Amino acid sequence: MKDFTYYTPTRYLFGRGVEAKTGELTRWMGVKKVLIVYGGGSVIRSGLLDRVKLSLDNEGIEYLEMGGIQPNPVDTPVYDGIKICRDNNIDGLLAVGGGSAIDTAKAIACGVPYEGDFWDFYAGKKIVEEAMPLGVVLTIPAAGSEGSGNSVITKLDGLHKISLRTESALRPKFAIMNPELTFTLPPYQTASGISDMMAHIFERYFSNTPEVEITDRVAEGVLKAIIAEAPRVMAEPENYEARANIMWSGTLAHNGICGTGRQEDWVSHFMEHEISAVYGVTHGAGLAVMFPAWMTFMAQNHPVKVAQFARRVFDIVEADDTIAALKGIEVLKRFYTSIGLPVTFAQLGVENPDIDLLVAKLHENKGETIGGYYRLTAKETSEIYRLAL
Ligand code: NZQ
Ligand code: ZN
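Residues numbered from 1 in each chain as written. Chains lettered and ligands numbered in written order. Predicted model: local features only at pLDDT ≥ 70, side-chain atom pairs only at ≥ 80, totals over all residues. Heavy atoms only, no water.

A. Representation of the site of ligand 1 within the structure. In the vicinity of ligand 1 there are 32 residues, among which Gly40, Ser42, Gly99, Ser100 and His200 approach most closely. A distance of 2.8 Å separates a nitrogen atom of ligand 1 from a polar atom in the side chain of Asp103. Residue His283 places a side-chain N or O atom 3.1 Å away from an oxygen atom belonging to ligand 1. Elements represented by at least two residues in the shell around ligand 1 include exactly α5 (99-111), β6 (150-155), α7 (187-205) and α10 (267-279). Residues of the shell around ligand 1, tallied by class, amount to nine nonpolar, 20 polar and three charged. Each of domain 1 (11-181) and domain 2 (186-387) gives at least three residues to the shell around ligand 1. (Near = heavy atom within 4 Å. Polar contact = N/O pair within 3.5 Å; in protein donor to acceptor, adjacent residues only side chain to side chain. Helix = DSSP H or I, 4+ residues; strand = E, 2+ residues; numbered from the N terminus. Nonpolar A, V, L, I, M, F, W, Y, C, P; charged D, E, K, R; others polar. Domains from an automatic or database assignment.)

Dropping the structure here:
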């Protein structure tokens, strides 16, 4: 096991009705005037935004609001938000929604105190040292941004979708998580969220670091729970317990606990980010296409951990690593299909992907060779994209 620091200073409030505490927690994080950031309108339709505002009113906290953040969020609203905060003496952010609203709020949070262009952080030119405090009211278990220090934004100029990783600067101070708020999720978003959280575990699980049995077992346990709860939540969207289990899984998948003590991979995410940047697909759906392809390549080239996954999570009984891995991948694909997810580019709605473009952007953004579990060149990432056709 490698040495590590594990620091996740987010206060989670989980359960029915907890959004009524938003004002109290905003005050607790020391904020007097907040910018509320939200998406395309689901929080208006559900009445959640009004309840959040009422809670802020009850605590005497002032607010302005910025809605309309689209999935796979882009840089333009970040610039708008930074200006609104500076012009109005805003001292904190409140994201109400999913990864897209949260990541936009995070970008604004680090952009306001910084004199230069906020994109410097995403481009790797600067490290985030200061950020405004941020709270979250989560409406979709998927990206795990409520418990991560990361933010993913697409620069419209050139369609560069980049993940900024910080240890703690961009972790939300609090996350309000009421599973009932997820009852209204469309099935495709529920399923894509399930795929995304599984992928966050895979990226940490596929590792060469030896002697990480505890971290492996935590990861396998969360994966098994997700796979068991998924059919329930798809069949009964208003089943509180199933929604609650899936919601907490999404946080555990991405708050770092499944990666402690080992090197991580993240290639499938990088490869998917190019697809969602160029074709605008839902991130989790793109991952359901990319992960089986990446695993198939690994089954031929470095199967050991994929075989362990197949045996321990899907109970595959098979001595040969490559065959065990391939059998596990087939079960994984059947699982994705059973919850309505695509497993090929065509099913994702991208009939003729421009693989040369995806590969060129991938290596321009991430370097000549990529991956922690297996270093991949452009020739190999191209092969993996082709395995997803
Ligand atoms: O925009 P609204 O109207 O709110 O609708 C959203 C959106 O269309 C809808 N939705 C959310 N909650 C709902 C709801 N509809 C009905 N009822 C509800 N309760 O769902 C759609 C997707 O929302 P979005 O915020 O985009 O979802 P998600 O949480 O999947 O976020 C995706 C973004 O996060 C990034 C992804 O790349 C993508 O850009 N990621 C962020 C990460 C991080 N910060 O740590 C890690 C991830 O790997 C990921 O890359
Ligand atoms: Zn993800």
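Moving on from the model shown.
B. The arrangement of the environment of Tyr205 in detail. Assignment of secondary structure puts Tyr205 in helix α7. Through-space distance from the C-alpha of Tyr205 to that of Leu134 is 29 Å; in sequence the pair is 71 residues apart. Among all residues touching Tyr205, those that are not within four sequence positions of it are Asp216, Ala219, Glu220, Arg262, Lys305, Gln308, Phe309 and Arg312. (Contact = heavy atoms within 4.5 Å.)

C. A look at empty space enclosed by the protein. On inspection of all chains with the given rule, the structure shows one cavity of 30 Å³ or more. Of the pockets and cavities examined, the largest cavity occupies roughly 30 Å³. Ile140, Pro141, Leu185, Gln189, Thr190, Gly193, Ile194, Met197, Arg243 and Ile246 are the residues that line the largest cavity. Every element with two or more residues in the lining of the largest cavity is listed here: α7 and α9 (240-254). (1 Å grid on protein atoms, 1.4 Å probe; cavity = no way out; pocket = protein on both sides within 12 Å on 5 of 7 lines; lining within 4 Å. Points joined across faces, edges and corners; volume = space filled by probe spheres on them.)

D. The packing of aromatic side chains, seen in detail. This structure, assessed with the given rule, holds 21 aromatic pairs. Between the aromatic rings of Tyr205 and Phe206, the centroid separation amounts to 5.5 Å while the plane-to-plane angle is 85°, which identifies the pairing as edge-to-face. Each ring, one from Phe309 and one from Phe314, has its centre 5.4 Å from the other, and the planes form 70°; the classification is edge-to-face. Take Phe309: its relative accessible area is 1%, and that puts it in the buried class. By way of ring pairs, the aromatic residues Phe202, Tyr205, Phe206, Phe291, Trp294, Phe309, Phe314 and Tyr373 are connected into one cluster. The ring of Trp28 has Arg11 sitting right over it, with the charged end atom 4.3 Å from the ring centre. Positioned above the aromatic ring of Tyr205 is the side chain of Lys305, whose terminal nitrogen or guanidinium carbon lies 4.6 Å from the ring centre. (Phe/Tyr/Trp six-rings, centres within 6.5 Å; stacked < 30°, edge-to-face > 60°. Buried < 20%, exposed > 50% of the residue type's maximum accessible area, 1.4 Å probe, protein only. Lys NZ or Arg CZ within 6 Å of the ring centre and 35° of its normal.)

E. Examining the state of the cysteines more closely. Within this structure, the stated rule accounts for zero disulfides. Its sulfur unpaired, Cys110 is 11 Å from the next cysteine sulfur, which belongs to Cys85. Under the relative-accessibility criterion, Cys110 is labelled buried at 1%. (Disulfide = S-S within 2.5 Å.)

F. Representation of the side chain of Ser249. On the secondary structure map, Ser249 appears in helix α9. Of the residues examined, Ser249 reaches a relative accessible area of 7% and is grouped as buried. If we ignore the near neighbours within four places in the chain, the residues touching Ser249 are Met197, Val222 and Ile226.

G. Examining unusual backbone geometry more closely. A positive phi angle, close to 55°, is found at Asn72, a residue other than glycine. With respect to the secondary-structure elements, Asn72 resides in the loop between β3 (62-66) and α4 (76-87). For Trp266, which is not glycine, the phi torsion reads 80° and is therefore positive. Looking at the secondary structure, you find Trp266 in the loop between α9 and α10. Its relative accessible area of 8% is what places Trp266 among the buried residues.

H. View of the coordination of the zinc ion (ligand 2). Coordination of the zinc ion (ligand 2) by the protein involves Asp196 (OD), His200 (NE2), His269 (NE2) and His283 (NE2), with metal-donor separations of 2.0 to 2.2 Å. Coordination of the zinc ion (ligand 2) draws on donor residues from a single chain, spaced D-x3-H-x68-H-x13-H in sequence. Residue Asp196 is located in helix α7, and its partner His269 is located in helix α10; the two are separated by 73 residues in the primary sequence. Accessibility classification places Asp196 together with His269 in one group, the buried group. (Donors = N, O, S within 2.8 Å, 3.2 Å for Na, K, Ca; no water.)

I. Spatial organisation of the packing of α7 against helix α8 (residues 213-235). Running from amino to carboxyl end, α7 crosses α8 at an angle of 170°, the nearest separation of the two axes being 10 Å. By the angle between their axes, α7 is roughly antiparallel relative to α8. Of α8, the residues touching α7 (which contributes Pro187, Thr190, Ala191, Ile194, Met197, Met198, Ile201, Phe202 and Tyr205) are Asp216, Ala219, Glu220, Val222, Leu223, Ile226, Ile227, Ala230, Val233 and Met234. Of the residues in the contact of α7 with α8, the class split is 16 nonpolar, one polar and two charged. (Axes fitted to C-alpha atoms, helices over the stretch in contact; angles between N-to-C directions. Parallel < 35°, antiparallel > 145°, perpendicular 65-115°, else oblique.)

J. Expanded view of the side chain of His283. Along the chain, His283 falls in helix α11 (residues 283-301). The buried category is assigned to His283, whose relative accessible area is 15%. Within the structure, His283 has its side chain in polar contact with the side chain of Asp196 (distance 3.0 Å). For His283, the residues in contact, after removing those within four places along its chain, are Asn72, Asp196, His200, His269, Glu272 and His273.

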